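Summary of structural features
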Amino acid sequence: MRLRHFEIATITLLGSVFTICTIYLIPHKAPWVDEMYTWYGIQHDTFGQFQDSIGSGINYSPPLYFFLNWIWQLFLPQSLNALRVESLLWILGGTALVYFMLRKQLGATAAIIGVGGVLLQSSLLLGQSAEARSYGLFFFCGTAVLYMGQSLTTGKGTRSRWIWAFIAHLALSQTHYLGIVFSGMAALSRYLSMGSNRRQTLKTSPE
């Protein structure tokens, strides 16, 4: 899927405006209790210490977001604001996946208008992009599940696509408890779609 120059320029502009707004907001946003849970939960030198911290309560589960950041901080110590920037990157990545899905279904112009309109007006996305919590990763994993579902529905179900779809569902389920519900609903819709497609094939096949 090749992007044209105007698409690249427009998407870059939209992403840059959103990024500038988030970066401006981050230093002006006071830390709150859940963000401090995040920061404390990953500041450990050994896996045993990390495991004890993560097992201390619901604020640290599901564990994927905290585990990834614990690994990261072993090599590059993170501030609270760095964790917030990470959330921004996850949301930008998820938005890109939404754009590619809409582009395939509706075309570039409609996809740009739809994604740009939501990205630049959503106070929820703006707020979560400046949060040192798992919601940015949750958004990305959710869009990855939808993206892989579309890929399986519109293309051939190759082994690599099924593997990536499985990874997306697993990551979504391990990022937020609602991800388990969303993963199940996405899998069910995929199953029903496969059944519909097969019935349609049988109806249109020559006798």
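What this report covers is the structure whose coordinates are included nearby.

Calculation rules
- Residues numbered from 1 in each chain as written.
- Predicted model: local features only at pLDDT ≥ 70, side-chain atom pairs only at ≥ 80, totals over all residues.
- Heavy atoms only, no water.
- Helix = DSSP H or I, 4+ residues; strand = E, 2+ residues; numbered from the N terminus.
- Buried < 20%, exposed > 50% of the residue type's maximum accessible area, 1.4 Å probe, protein only.
- Lys, Arg positive; Asp, Glu negative; His and termini not counted.
- Charge placed at Lys NZ, Arg CZ, Asp CG, Glu CD.
- Phe/Tyr/Trp six-rings, centres within 6.5 Å; stacked < 30°, edge-to-face > 60°.
- Expected span 1.5 Å × (residues − 1).
- Patch = residues over 30% accessible without salt bridge, like charges linked within 9 Å, V, L, I, M, F, W, Y side chains within 5 Å.
- Areas by Shrake-Rupley, 256 points an atom, 1.4 Å probe, with all protein chains shown as cover.
- Salt bridge = Lys/Arg side-chain N within 4 Å of Asp/Glu carboxyl O.
- Contact = heavy atoms within 4.5 Å.
- Polar contact = N/O pair within 3.5 Å; in protein donor to acceptor, adjacent residues only side chain to side chain.

1. A look at the overall build of the chain
When its secondary structure is counted, the chain shows 10 helices and 0 strands. Listing every helix and strand of the chain by position from the N terminus yields α-α-α-α-α-α-α-α-α-α. Dimensions of the chain, computed from C-alpha atoms along their principal axes, come out at roughly 65 × 40 × 25 Å. Across the 207 residues of the chain, 35% fall into the buried class. The chain carries 14 positive and 8 negative side-chain charges, and their two centres are separated by 19 Å.

2. Re the packing of aromatic side chains
What the rule picks out here adds up to 11 aromatic pairs. Taking the centre distance of 5.3 Å and the plane angle of 80° together, the rings of Y65 and F66 count as edge-to-face. Judged by relative accessible area, which is 1%, Y65 ranks as buried. One aromatic cluster in this structure is built from Y37, Y60, Y65 and F66.

3. Describing helix α8 (residues 135–154)
Over its 20 residues, α8 extends 29 Å from the first C-alpha to the last, a length consistent with the 28 Å expected when each residue adds 1.5 Å. Among all positions of α8, only G136, L137, F138, C141, T143, A144, V145, M148, Q150, S151 and L152 are buried.

4. Here's the deal with the environment of P77
Considering the arrangement of structural elements, one finds P77 in the loop between α4 (64–75) and α5 (80–106). Accessibility expressed as a relative area gives 69% for P77, which makes it exposed. Once the C-alpha coordinates of P77 and I42 are considered, the two residues, 35 residues apart in sequence, prove to be 10.0 Å apart.

5. Details of a nonpolar patch on the surface
On the surface, F47, F67, L68, I71, W72, L74, F75 and L76 cluster together into a nonpolar patch covering about 760 Å² of accessible area. Broken down by element, the residue count for the nonpolar patch peaks at 6 residues, all from α4. With respect to the helices, strands and loops of the structure, F67 is situated in helix α4.

6. Things to note about the side chain of E131
Within the secondary structure, E131 sits in the loop between α7 (123–128) and α8. If we skip the residues at most four places from it in the chain, E131 touches K29, W32, E35, L83, R84 and S87.

7. What to know about the side chain of H44
If you trace the backbone, H44 turns up in the loop between α2 (33–42) and α3 (47–54). What makes H44 buried here is its relative accessible area of 9%. Here the side chain of H44 touches S53 through a polar contact of 3.3 Å, side chain to side chain. Aside from chain neighbours lying at most four places away, what touches H44 is Q49, F50, S53, W70, Q73 and L74.

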